[in-house]
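Below are the chains, spelled out letter by letter.
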Amino acid sequence: MKPDVLQLKALSPQLEAGLEAAYTVHRPYRAADPEALIGEVASKIRAVVTGGDLGVPTELWDRLPALETVAVHGVGLDKVDLDLAAARGIAVTTTPGVLTQDVAELAIGLWLSLSRRLVSADRYVREGRWPKGERLPLAWRASGRKVGILGLGQIGKAIAAMATPFAASIAYHSRRPVEGVPYAYHASPLALAKAVDVLFLVTPGDAGTPPLIDAAVLKALGEDGLLINVARGSVVDEAALVAALADGTIAGAGLDVFEDEPNVPQALLAMENVVLQPHRGSATVEARSAMAALVLENLEKHFTTTHSSSRP
Ligand code: 8YV
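Being a predicted model, the structure only gives us computed values, none of them experimental.

Student: Please set out the packing of helix α5 (residues 100–115) against helix α7 (residues 154–163) residue by residue, giving values where relevant.
Tutor: Each pair of packed helices gets described by two things: the angle between the helix axes and the distance between those axes. At their nearest, the axes of α5 and α7 sit 8 Å apart, and the two run at 50 degrees to each other. By the angle class used here, α5 and α7 are oblique. With respect to the hand of their crossing, α5 and α7 are arranged in right-handed fashion. Residue-level inspection shows Thr100, Gln101, Val103, Ala104, Glu105, Ala107, Ile108 and Trp111 of α5 in contact with α7, the latter providing Gln154, Ile155, Ala158, Ile159, Met162 and Ala163.

Right under this line is the structure:
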């Protein structure tokens, strides 16, 4: 009998087909009554497939007594209760390595778009303002800026490597100094913000702790400072960020993630000094294809090696 899998969000056709081939897949997000569907199948669900952006809603754990594994399509674990999973012996897997370059590229892209005003200049052309001779403010040179990276993991290191040809210097803050890197370490997000012009956020989110980037850090980044967030909305005090962008405390922001996705604060939509993306860091053909393969591999490993003998 195929194991029963609960898929919590829409995923690529490649991944959905792979899931269907090996499992009995239940998709509450597509059901007319998601609650009723979960109620019907909950007792037999052995695996949950979810995104890093969505995780596993707190109330779901208790409803899934037969749950053995959670396969995350992504690398973020901030919305998966790892303590609870460990206490119940539930294996949690992610898709590391295959989206590193893609998220780093988007971060660099946001920086360049913001500095060179690519998105607002594109709007200027499309809206027919060029022939009218309307004024378009000058952009800023990206090269020669001091770059800071909050979170020097795999993606942080990839951003540092990609930023190297542009940057005057690269510095970082992580919980601990990272061995063997040529970048200056700062002991806190505040110290890092003070020292740099462009601050990239790539640190894991943690909704349970106060945001690392608050009004004081934004003030330290300063009026010429740019903030690029490809991590999680929870890393930033979003209200403080909106205020800092509105009153010129910082110059601009490139944002791929938000506190309450897919809801983006209305105030940001009207600002020219922001570039906004709908959580697209890993959204390339290449990364998503490799992520799909890895989710299937992680599930297959679980069901063929770990548990096949213990279940009928
Ligand atoms: C995805 C992510 O957008 O890796 C993560 O944690 O947030 C992203 O890669 C998401 O997980 C896709 O399902």
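Student: Account for the site of the ligand, naming residues and giving values.
Tutor: In the vicinity of the ligand there are 14 residues, among which Gly52, His73, Val75, Gly76 and Arg232 approach most closely. Between Lys9 and the ligand, the recorded distance is 2.8 Å, taken from a side-chain N or O atom to an oxygen atom. Burial of the ligand by the surrounding chains reaches 94%, relative to a free accessible area of 330 Å².

Student: How would you sum up the sheet that holds strand β1 (residues 4–7)? Please name residues and give values.
Tutor: Strand order in the open sheet formed by five strands is β2-β1-β3-β4-β5, and the pairing between neighbours is parallel. What marks the edges here is a single partner per strand, and that holds for β2 (24–26) and β5 (91–93). Strand-to-strand twist across the sheet, computed as the mean angle between neighbouring axes with direction ignored, equals 20 degrees. By the bridge criterion, three bridges tie β1 to β2 in an arrangement that is parallel. Note on β2: the bridge partner recorded for Asp4 is Thr24.

Student: Mind laying out the domain arrangement of the protein, listing which residues take part and the relevant values?
Tutor: The assigned domain composition of the protein is domain 1 (4–95 + 286–309) and domain 2 (100–276). Contacts between domain 1 and domain 2 engage five residues on the former and five residues on the latter. Buried surface at the junction of domain 1 and domain 2, summed over both partners, amounts to about 420 Å²; 46% is from carbon and sulfur atoms. When the buried surface of domain 1 facing domain 2 is broken down by residue, Asp53, Asp78 and Ala287 rank first, second and third, together holding 71% of it. Put simply, domain 1 and domain 2 have one salt bridge between them. Arg232 is the partner of Asp78 in a salt bridge, and the nearest nitrogen-oxygen pair spans 3.0 Å. Counting across the domain 1 and domain 2 interface gives two residue pairs in polar contact (both at pLDDT 80 or more). Tallied by class, the residues present in the side of domain 1 that touches domain 2 amount to one nonpolar, two polar and two charged.

Student: Break down the sheet that holds strand β12 (residues 274–276) for me, with residues and values.
Tutor: An order of β8-β7-β6-β9-β10-β11-β12 is seen for the seven strands of this open sheet, with the pairing classed as parallel. Edge strands, defined here as strands with exactly one partner in the open sheet, are β8 (184–185) and β12.

Student: Could you give an account of the environment of Ala142, naming the residues involved and the relevant values?
Tutor: Residue position: Ala142 is located in the loop between α6 (118–126) and β6 (146–150). Sequence separation between Ala142 and Ser115 is 27 residues, and the spatial gap between their C-alpha atoms is 5.7 Å. Apart from the residues lying within four places of it in its own chain, the contact partners of Ala142 are Trp111, Leu112 and Ser115.

Student: Kindly report on unusual backbone geometry, identifying the contributing residues and their values.
Tutor: The amide bond that connects Glu261 to the next residue, Pro262, takes the cis arrangement and shows omega of 5 degrees. For Pro262, the location among the structural elements is in the loop between β11 (252–255) and α11 (266–269). Not every positive phi belongs to a glycine, and Arg117 is a case in point at roughly 55 degrees. Within the secondary structure layout, Arg117 lies in the loop between α5 and α6. With a phi close to 50 degrees, His279 is a non-glycine residue in the positive phi region. Along the chain, His279 turns up in the loop between β12 and α12 (285–306). In this structure His279 comes out as partly exposed when scored by relative accessible area, which is 23%.

Student: Let's hear about the pairing of strand β9 (residues 198–201): which residues, and what values?
Tutor: Within a regular strand, side chains alternate between the sheet's two faces. Burial of the side chains of β9 extends over both faces: Val198 and Phe200 are buried on one face and Leu199 and Leu201 on the other. Bridging between β6 and β9 involves four bridges; their strand directions are parallel. Looking at the pairing, Val147 lines up with Val198 of β9. Across four bridges, the pairing between β9 and strand β10 (residues 226–229) is parallel. Note that in β10 the partner of Phe200 across the bridge is Ile228. Once you follow β9 into helix α9 (residues 215–221) and on to β10, the crossover reads as right-handed.

Student: Pulling in residues and values, what's your account of the pattern of salt bridges?
Tutor: Scanning all chains against the criterion turns up eleven salt bridges. Asp53 is the partner of Lys9 in a salt bridge, and the nearest nitrogen-oxygen pair spans 3.0 Å. On the criterion of sequence distance, the pair formed by Lys9 in the loop between β1 and α1 (13–22) and Asp53 in the loop between β3 (45–51) and α3 (58–61) is long-range, its members being 44 residues apart. For Glu272, the salt bridge identified is with Arg123, shortest N-O distance 3.2 Å. Taken together, the positions of Glu272 in the loop between α11 and β12 and Arg123 in helix α6 put the pair 149 residues apart, joining distant regions of the chain. Look at Arg123 and you get partly exposed, because its relative accessible area is 29%. Through salt bridges with shared partners, a single ionic network connects Glu127, Arg129 and Glu134.

Rules used throughout
Residues numbered from 1 in each chain as written. Predicted model: local features only at pLDDT ≥ 70, side-chain atom pairs only at ≥ 80, totals over all residues. Heavy atoms only, no water. Axes fitted to C-alpha atoms, helices over the stretch in contact; angles between N-to-C directions. Helix = DSSP H or I, 4+ residues; strand = E, 2+ residues; numbered from the N terminus. Parallel < 35°, antiparallel > 145°, perpendicular 65-115°, else oblique. Left-handed = near helix turned anticlockwise from the far one by under 90°. Contact = heavy atoms within 4.5 Å. Near = heavy atom within 4 Å. Polar contact = N/O pair within 3.5 Å; in protein donor to acceptor, adjacent residues only side chain to side chain. Areas by Shrake-Rupley, 256 points an atom, 1.4 Å probe, with all protein chains shown as cover. Pairing = 2+ DSSP bridges. Domains from an automatic or database assignment. Buried area = accessible area lost by both parts, 1.4 Å probe. Salt bridge = Lys/Arg side-chain N within 4 Å of Asp/Glu carboxyl O. Nonpolar A, V, L, I, M, F, W, Y, C, P; charged D, E, K, R; others polar. Buried < 20%, exposed > 50% of the residue type's maximum accessible area, 1.4 Å probe, protein only. Right-handed = clockwise from strand over helix to strand, strands pointing away.

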